[in-house]
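Here are the chains, one letter per residue:
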Amino acid sequence: MERMPKWADVILTPLISLALAFALSALLILAIGESPAEALKVVVQGALGSSYGWGFTLYYATNFIFTGLAVAVAYHAGLFNIGGEGQAAMGGLGVALVVLALPWPHWALALPAAAVGAALMGALWALVPAWLQARRGSHVVITTIMFNFIAAALLNYVLVNLLRPVGSMDPASASFPAATHLPKLSEMALALGVDWGRNTPANISFFVAVAACLLVWLLIWHTRLGYEIRAFGKSATAARYAGISALRITVLAMLVSGALAGLMAVNNVMGEAERLVLNAVEGAGFIGIAVALMGRNHPLGVLLAALLFGFLYQGGGELALWTSIPRELIVVIQALVILFTGALDNMVRMPLERLFMALRRKGA
């Protein structure tokens, strides 16, 4: 019997964790002599109070959806993939190679090809850690961390020595051809007669991210492979006894996870920067861990958690711009949300479990 209702685990626990994080953040803001109410007003107005704010919120959320799904898929197999940063970076390389390799006549042709390139590079970057985990027992946490650094070094070399245009001092690839530029959500809205989100980077890849949520849901809960992934994640010993190959599931789960992380590059490399630059991932791979944990590793939860973190990122930027609250404190506030919704989740969950068990005994 479950210790507490499903709704309490999925909704109540994250809400209480968020409330604790925001309460502690308010105390920090008070400690430096600022008004928490005014700060909250600036964050909400900056992220949600205009179509401009919404455009940036959805752009950040798109990145976090992909990296959150990547962590979630691996987690269902009992694996903790924290290599999303490196896999997303390599996905960016895949996008650049595909887009610059051919004279694409239209973005509608370039987008699926670039998505395949991004997914393949991300999956490839997850393959070696997966094989080492399955065959050699090398823990996937350690190997994926190492591969994050290897990806950063490799991307630096490729940009400086291979992809940088002649005469340029900027460690970046050439700009992508205009025909491959993805339509912005503002342009799509304008085509419908709505002036929304002008000068924001949100683009059509947001819908790709939402489609990825649906596909992950179908994969994990409505396919044989998904059942095997979940069975292996629940009990590797029982799964082996049932004839499920540990090597196959570990490798396949990590390949899917790496591919999802790599797909993030469709948004930030192809959709926003329109070229490959250094440090394009900007920590989204690590934010994906908190997004997956807060979303309970369910695609719908990941979508909602990604929107929340997109709100925090955009609102935090506005807070730094329009108040005297230092940028470093805004990073601390974002870290508190990650801390309470991720690492300290059991601090809220365990008292709630005891409360519901006590209420159940009293009702009996």
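Thresholds applied
Residues numbered from 1 in each chain as written. Predicted model: local features only at pLDDT ≥ 70, side-chain atom pairs only at ≥ 80, totals over all residues. Heavy atoms only, no water. UniProt positions renumbered as here; feature names shortened; annotations may be inferred. Salt bridge = Lys/Arg side-chain N within 4 Å of Asp/Glu carboxyl O. Helix = DSSP H or I, 4+ residues; strand = E, 2+ residues; numbered from the N terminus. Buried < 20%, exposed > 50% of the residue type's maximum accessible area, 1.4 Å probe, protein only. Contact = heavy atoms within 4.5 Å. Phe/Tyr/Trp six-rings, centres within 6.5 Å; stacked < 30°, edge-to-face > 60°. Domains from an automatic or database assignment. Buried area = accessible area lost by both parts, 1.4 Å probe. Polar contact = N/O pair within 3.5 Å; in protein donor to acceptor, adjacent residues only side chain to side chain. Nonpolar A, V, L, I, M, F, W, Y, C, P; charged D, E, K, R; others polar.

Going by the annotation in an unreviewed UniProt entry, the name recorded for the chain is Sugar ABC transporter permease, with Paracoccus thiocyanatus given as the source organism. According to UniProt, the comment filed for the chain under the heading Subcellular location (unreviewed entry) is "Cell membrane".

A. Representation of the pattern of salt bridges. The tally for this structure, following the rule as stated, stands at 7 salt bridges. With its nearest N and O atoms 3.4 Å apart, the salt bridge here joins Arg296 to Asp9. Residue Arg296 is located in the loop between α12 (284–294) and α13 (299–322), and its partner Asp9 is located in helix α1 (residues 6–31); the two are separated by 287 residues in the primary sequence. Judged by relative accessible area, which is 18%, Arg296 ranks as buried. On the basis of relative accessible area, Asp9 is assigned to the buried category, the value being 14%. Between Asp195 and Arg198 there is a salt bridge; the shortest N-O distance is 2.8 Å. Taken individually, Asp195 and Arg198 each receive the classification exposed, so the pair is uniform in this respect. Among the ionic contacts, a cluster of salt bridges with common partners joins Asp9, Arg296 and Arg349.

B. Spatial organisation of the environment of Leu111. As for its placement among the helices and strands, Leu111 is situated in helix α5 (residues 107–136). Judged by its relative accessible area of 12%, Leu111 falls in the buried class. C-alpha of Leu111 to C-alpha of Arg135: the two residues are 24 residues apart in sequence and 36 Å apart in space. Beyond its immediate chain neighbours, meaning those up to four positions away, Leu111 contacts Leu182, Ile204, Val266 and Met270.

C. Highlighting the packing of aromatic side chains. According to the stated counting rule, one finds 8 aromatic pairs in the structure shown. Geometrically, the ring pair formed by Tyr52 and Phe56 is tilted, given 5.1 Å between the ring centres and 55 degrees between the ring planes. Of the two residues, Tyr52 and Phe56 are both situated in helix α3 (residues 51–76); the distance of 4 residues between them amounts to about one turn of the helix. Judged by relative accessible area, which is 18%, Phe56 ranks as buried.

D. Molecular detail of the domain arrangement of the chain. Under the domain assignment used here, the chain contains domain 1 (1–34 + 329–363) and domain 2 (55–323). In this structure, domain 1 and domain 2 have C-alpha centres spaced 28 Å apart. If you look at the interface, domain 1 gives 14 residues, while domain 2 gives 12 residues. Interface area for domain 1 against domain 2, summed over the two sides, is near 1100 Å², with a carbon-plus-sulfur share of 75%. Looking at the side of domain 1 facing domain 2, the largest losses of area belong to Ile330, Gln334 and Ile338, adding up to 41% of the total buried there. Joining domain 1 to domain 2, the criterion identifies 1 salt bridge. At the boundary of domain 1 and domain 2, one finds 1 residue pair in polar contact (both at pLDDT 80 or more). Elements that contribute at least two residues to the side of domain 1 that touches domain 2 include exactly α1, α14 (327–343) and α15 (345–363). Among the residues forming the side of domain 1 that touches domain 2, the class breakdown is 7 nonpolar, 4 polar and 3 charged.

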